[in-house]
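One letter stands for each residue in the lines below.
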Amino acid sequence: MNFKEQIAQGIPTELPKKKTYPADANRAPKRKDILSKEEKQLAIRNALRYFDASWHEELAAEFAEELKEYGRIYMYRFKPAYKIHARDIAEYPAKSTQAAALMLMIQNNLDPAVAQHPEELITYGGNGAVFQNWAQYLLVMEYLSMMTDEQTLHLYSGHPMGLFPSSKNAPRVIVTNGMMIPNYSQPDDWEKFNALGVTQYGQMTAGSFMYIGPQGIVHGTTITVMNAFRKILPKGETPAGKIFLTAGLGGMSGAQPKAGNIAGCITIAAEVNRKAATKRHQQGWVDVLIDNMDALLARVKQAQAAHEVVSIAYIGNIVEIWERFDVEDIHIHVGSDQTSLHIPWTGGYYPIDISYEESNRLIREEPAVFKEKVQETLRRHAAAINKHTAKGTYFFDYGNAFLLEASRAGADVMAENAIDFKYASYVQDILGPMCFDYGFGPFRWVCASGKPEDLDATDDIAASVLQEIMENSPEEIQLQMQDNITWIKDAKKNKMVVGSQARILYADAEGRSKIAAAFNNAIAAGKIGPVVLGRDHHDVSGTDSPYRETSNIYDGSKFTADMAIHNVIGDSFRGATWVSIHNGGGVGWGEVMNGGFGMLLDGTKEAEVRLKSMLFYDVNNGIARRSWARNEEAIFAIKREMERSPNLKVTLPNLVKDQLLNDLF
Ligand SMILES: NC(=O)c1ccc[n+]([C@@H]2O[C@H](COP(=O)([O-])OP(=O)(O)OC[C@H]3O[C@@H](n4cnc5c(N)ncnc54)[C@H](O)[C@@H]3O)[C@@H](O)[C@H]2O)c1
């Protein structure tokens, strides 16, 4: 059977042979054994409903074994033999080009070159699932191959509930991941209901088929580091020769040195795990590898004197640097931290003065001692940072729960009011007011032909559209425009494409819409093939996350999720090809609601109508909410949009004088 026939077949008619697990695969962590005996039986019963009863006996034993060994039923046997990767859209068997675009994006998320645990259908973040098992994958691809533009496929946490009649203007696919009754949204609820096979953790772009590899994180980190320097440097002064000190060279944190190089500073990233540091060095993501303090001091002084742009990985504990640089009086301009403090007791954060190996032993054998050591280190870590900030260092929390865990450890990180932290987070200080409140967020696209030349052409189109917009844009957003023009012009040089031919840039509603319209025109003129638009969920409107995306909302509404829900509904009837809404992602199950979309541009007039309507709402929904929360920059942005768009009427807040309230209670 050829590729198209295999896709159209769905679950094979003959039971495929059991496979051995590929030796070179990166297996997902073994999950918690959380189900009771009866629940395990229910999990097997649930899994077997995908298959004919004649296979049940053989499969029941195998699935029970998977559940026992890995805590989940992945149905490894059903993983297809063909190569899974983003192909040219024309290679997919489909009656609907929109459905073919979805197949391409799904396969990209499962491509072994892109996905973290491809055998377990996990794209990133350890648990960011595309589907729960291979039967769901096979069925979804079959449905997509047979559907028309008058049907919609509904996915419940990876499970295809089925194709329902709809219309040409409806989305082709509706995705929900991890939607729970709120009282059942604790981390162990995920363990249990995922093991039962009735829900999954979609992270952000994993379960919505919009992951594009490390490029997204590099761009976001670059924007953050650049703007951190802007906050503290006099206008016109560059970050060259100035220090950005941070920790972590892991999954996301590994982007920091590359981002620092693009931002043009000296980046020092401490990493306790020699292997992680060496890997980033070999990949060319960090320039210099150093494993002793004297060598680090010498190299940093040399870089400062020469106003160098360089990134240095220090193999060791971050606290060593904060403390020693204080003694040596080396000025750190910008400081942050990307150790994994969202999981502090299982190896997310390593204590000082104990070797990496000994720490790992303590985690396994003496967890209480390990916890004590971590908390002691956090107190020292914060104390050393405080000494630097007293001398003028700008420190921000990178959404990794550093301040939260430091405060729990009794470190000196609380503000005078004993409610807030001393330091702001990257969204509160940087991404929120400088980007999200103006509508700038991580817009992205994928060239569905798979041709690098198409990506080059779209880069050129995007750069010239942004250049044109910048000429008439207000002072308030000039810097954001300039940063993104620089990014897109250098994008090819930065060699960030992994898997599909994809690009990301931060743009506002006007930028996203005009770039997309220009792509659509180029497709109509036959200059490029179809393009899939999307975005990261870490954006203006799609995500309600009180400690991250919406942490700079101060009217008390940051614990609500109305914005994310409106966004997914609003996008769905304005022309999205698919929409998604997830519980969990980044900061954890029960901690965030996040949504996204995908949209196929095929060069038609209909696509132009859709993109204009949907992208306008997809950004302005969040600006309106941020403006109602009294965020100054968002009030500016939404007023400007209302002047340009007579059909937009947004409720604006009236501001109250502090004195009036101070006198009340
Ligand atoms: N990059 C972003 O834009 C972004 C945004 C939001 C949140 N975050 C957060 O950043 C954190 C890191 O994410 P990741 O994917 O890189 O995790 P990761 O676990 O892959 O990497 C963290 C690294 O820190 C190292 N480390 C731990 N303790 C250390 C110490 N004391 N000194 C030096 N190194 C130490 C670990 O060895 C590990 O390699 C997470 O909490 C994530 O949620 C990142």
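Residues numbered from 1 in each chain as written. Predicted model: local features only at pLDDT ≥ 70, side-chain atom pairs only at ≥ 80, totals over all residues. Heavy atoms only, no water.

Engineer: Pulling in residues and values, what's your account of the overall build of the protein chain?
Structural biologist: Along the backbone of the protein chain there are 23 helices and 17 strands. Relative to the 2.2 N^0.38 estimate, which gives 26 Å for 665 residues, the radius of gyration of the protein chain is 25 Å and therefore close to what a compact globule would have. The dimensions of the protein chain, computed from C-alpha atoms along their principal axes, are 75 × 65 × 55 Å. Taking all 665 residues of the protein chain together, 59% fall into the buried category. Considering only residue pairs separated by 6 or more positions, the protein chain has 70% of its internal contacts joining residues 24 or more positions apart. Here the protein chain holds 69 positive side-chain charges and 81 negative ones, and the gap between their average locations is 2 Å. (Helix = DSSP H or I, 4+ residues; strand = E, 2+ residues; numbered from the N terminus. Rg over C-alpha atoms; globule rule 2.2 N^0.38 Å. Buried < 20%, exposed > 50% of the residue type's maximum accessible area, 1.4 Å probe, protein only. Contact = heavy atoms within 4.5 Å. Lys, Arg positive; Asp, Glu negative; His and termini not counted. Charge placed at Lys NZ, Arg CZ, Asp CG, Glu CD.)

Engineer: So, the site of the ligand: which residues are in play, and what are the values?
Structural biologist: In the vicinity of the ligand lie 25 residues, with Gly-251, Ser-253, Glu-271, Ser-340 and His-342 positioned nearest. Take Tyr-350: an N or O atom from its main chain is 2.9 Å from a nitrogen atom of the ligand. Residues that form the shell around the ligand fall into these classes: nine nonpolar, 14 polar and two charged. (Near = heavy atom within 4 Å. Polar contact = N/O pair within 3.5 Å; in protein donor to acceptor, adjacent residues only side chain to side chain. Nonpolar A, V, L, I, M, F, W, Y, C, P; charged D, E, K, R; others polar.)

Engineer: Got a sec to walk through helix H11 (residues 318–327)? Specific residues and values, please.
Structural biologist: All buried positions along H11 are accounted for by Ile-318, Val-319, Ile-321, Trp-322, Phe-325 and Asp-326. Down the axis of H11, the sector holding all buried residues measures 165 degrees, keeping them to one side. Of the residues trailing H11, Asp-329 is marked for its positive phi of about 60 degrees. (Arc of directions from axis to C-beta.)

Engineer: Got a sec to walk through the packing of aromatic side chains? Specific residues and values, please.
Structural biologist: Within this structure, the stated rule accounts for 27 aromatic pairs. With a centroid separation of 6.4 Å and 65 degrees between ring planes, the pair formed by Tyr-50 and Phe-51 is classed as edge-to-face. Pair check on accessibility: Tyr-50 and Phe-51 agree, each one buried. On the numbers, 5.5 Å between centres and 55 degrees between planes, the contact of Phe-396 with Tyr-398 is tilted. Neither Phe-396 nor Tyr-398 differs from the other in exposure class; each is buried. Grouped by ring-pair contacts, the aromatic residues Tyr-50, Phe-51, Trp-55, Phe-63 and Phe-78 constitute a single cluster. Against the face of Trp-285 rests Arg-280, its NZ or CZ located 5.0 Å from the ring centre. The ring of Tyr-617 has Arg-574 sitting right over it, with the charged end atom 4.1 Å from the ring centre. (Phe/Tyr/Trp six-rings, centres within 6.5 Å; stacked < 30°, edge-to-face > 60°. Lys NZ or Arg CZ within 6 Å of the ring centre and 35° of its normal.)

Engineer: Please provide a residue-by-residue account of the sheet that holds strand S11 (residues 394–395), values included.
Structural biologist: The six strands lie next to each other as S8-S9-S7-S6-S10-S11, forming an open sheet whose pairing is parallel. Of all the strands in the sheet, the pair left with one neighbour each is strand S8 (288–290) and S11. The pairing of S8 with strand S9 (residues 310–315) spans three bridges and is parallel. The partner of Leu-289 across the bridge, within S9, is Ala-313. (Pairing = 2+ DSSP bridges.)

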